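# Coordinate inspection notes
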Number of protein chains: 2
Amino acid sequence: MDLDFNKTGGMIPAVVQDVTTGRVLMVGFMNEEAFQKTVATGLTTFYSRSRNKLWTKGESSGHTLVVKSIQTDCDKDCVLVQVEAQGPGVCHEGYQSCFFRTLEEGEWKITEAQTYDPKAVY
Amino acid sequence: MDLDFNKTGGMIPAVVQDVTTGRVLMVGFMNEEAFQKTVATGLTTFYSRSRNKLWTKGESSGHTLVVKSIQTDCDKDCVLVQVEAQGPGVCHEGYQSCFFRTLEEGEWKITEAQTYDPKAVY
């Protein structure tokens, strides 16, 4: 399961995609420990750059990302995690996907509706 | 078009997704200049960490990634670029997507066929 963790301070980007809809839900970073924990537990786990620790997505919200398959790219410095997302949304701001802003005429516009109330969850 | 380029050495991950099929084709990094050039030209442009310069995907192969829309995430530290990919494949190793390896029983297995001969292009 060799991956190249050397390029970005011991971390690689991990793209999370909904295995059913194909929607890209979020992008996080994994260090080797986070990657190994993801594989071992089947729950997508990242390394938080702001908190400097591992975090399994959903550990506080319940909105876990259950791993269905993992792919890596030609350079083995990135992973694509196909998941079944539990709960109404992945984003801590209340959206299904963290990518809820679209560039329109030079500005980031919110282009979809919230799927849950983040205040009720976080 | 403010994005947070501070976390990873002035660069953010850029996920490239086929706008028609939803397939994730590749992940690169953009610095602010690469992002601005992507927006201005409509051709997906990255910052190469190994060559320390901008590169517009397809400049040598012709396999450009024509931008259809760009989204950013809640933290504005990542972009998702929806593209129309020109040519038979994005990966310099001859595959439609750079994510041609899948984790199976603890090993990375090549799980799809090449779509072109990279020796004929690069």
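Criteria and cut-off values
Residues numbered from 1 in each chain as written. Chains lettered and ligands numbered in written order. Predicted model: local features only at pLDDT ≥ 70, side-chain atom pairs only at ≥ 80, totals over all residues. Contact = placed C-beta atoms within 7 Å. Helix = DSSP H or I, 4+ residues; strand = E, 2+ residues; numbered from the N terminus. Nonpolar A, V, L, I, M, F, W, Y, C, P; charged D, E, K, R; others polar. Pairing = 2+ DSSP bridges. Axes fitted to C-alpha atoms, helices over the stretch in contact; angles between N-to-C directions. Least-squares fit on C-alpha atoms with pLDDT ≥ 70 in both. UniProt positions renumbered as here; feature names shortened; annotations may be inferred.

### Considerations on the interface of chain A and chain B
Counting residues at the interface gives 29 residues for chain A, matched by 29 residues for chain B. For the side of chain A that touches chain B, the secondary-structure elements that each account for two or more residues are strand E1 (12–18), strand E2 (24–30), strand E5 (65–72) and strand E7 (101–104) of chain A. Tallying contributions element by element places E5 of chain A first for the side of chain A that touches chain B, with four residues. Its residues assigned to classes, the side of chain A that touches chain B shows 15 nonpolar, nine polar and five charged.

### Section: the sheet that holds strand E5 (residues 65–72) of chain B
Strand order in the open sheet formed by six strands is E8(A)-E7(A)-E5(B)-E6(B)-E1(B)-E2(B), with mixed pairing between adjacent strands. Lying at the two open borders of the sheet, with one neighbouring strand each, are strand E8 (107–110) of chain A together with strand E2 (24–30) of chain B. In this sheet, neighbouring strand axes are inclined to one another by 35 degrees on average, regardless of whether the strands run parallel or antiparallel.

### A look at the relation of the copies chain A and chain B
Both copies of the chain are tied together by a single rotation about an axis and a shift running along it. Mapping chain A onto chain B calls for a rotation angle of 180 degrees and an axial translation of 0.0 Å; the resulting RMSD is 0.0 Å. These values place the two chain copies in the arrangement generated by a two-fold rotation axis. Of the C-alpha atoms belonging to chain A, the one lying closest to the rotation axis is found on Gly-22 of chain A, 2.8 Å away. A symmetric contact is evident, with 100% of the interface residues of chain A recurring at the interface of chain B.

### Points about the UniProt feature "domain: Phosphoribosyl-AMP cyclohydrolase" (unreviewed entry) in chain A
The feature "domain: Phosphoribosyl-AMP cyclohydrolase" (unreviewed entry), as annotated in UniProt, sits at residues 26–100 of chain A in this numbering. Its end C-alpha atoms 10 Å apart, residues 26–100 of chain A is made of 13% helix and 37% strand.

### Notes on the sheet that holds strand E8 (residues 107–110) of chain B
One open sheet holds the six strands; their spatial order is E2(A)-E1(A)-E6(A)-E5(A)-E7(B)-E8(B), and the pairing between them is mixed. Only two strands of the sheet have a single partner each, and these edge strands are E2 of chain A together with E8 of chain B. Strand-to-strand twist in this sheet, taken as the mean axis angle between neighbours without regard to direction, amounts to 35 degrees. Bridging between E5 of chain A and strand E6 (residues 79–85) of chain A involves seven bridges; their strand directions are antiparallel. Note that in E6 of chain A the partner of Ser-69 of chain A across the bridge is Gln-82 of chain A.

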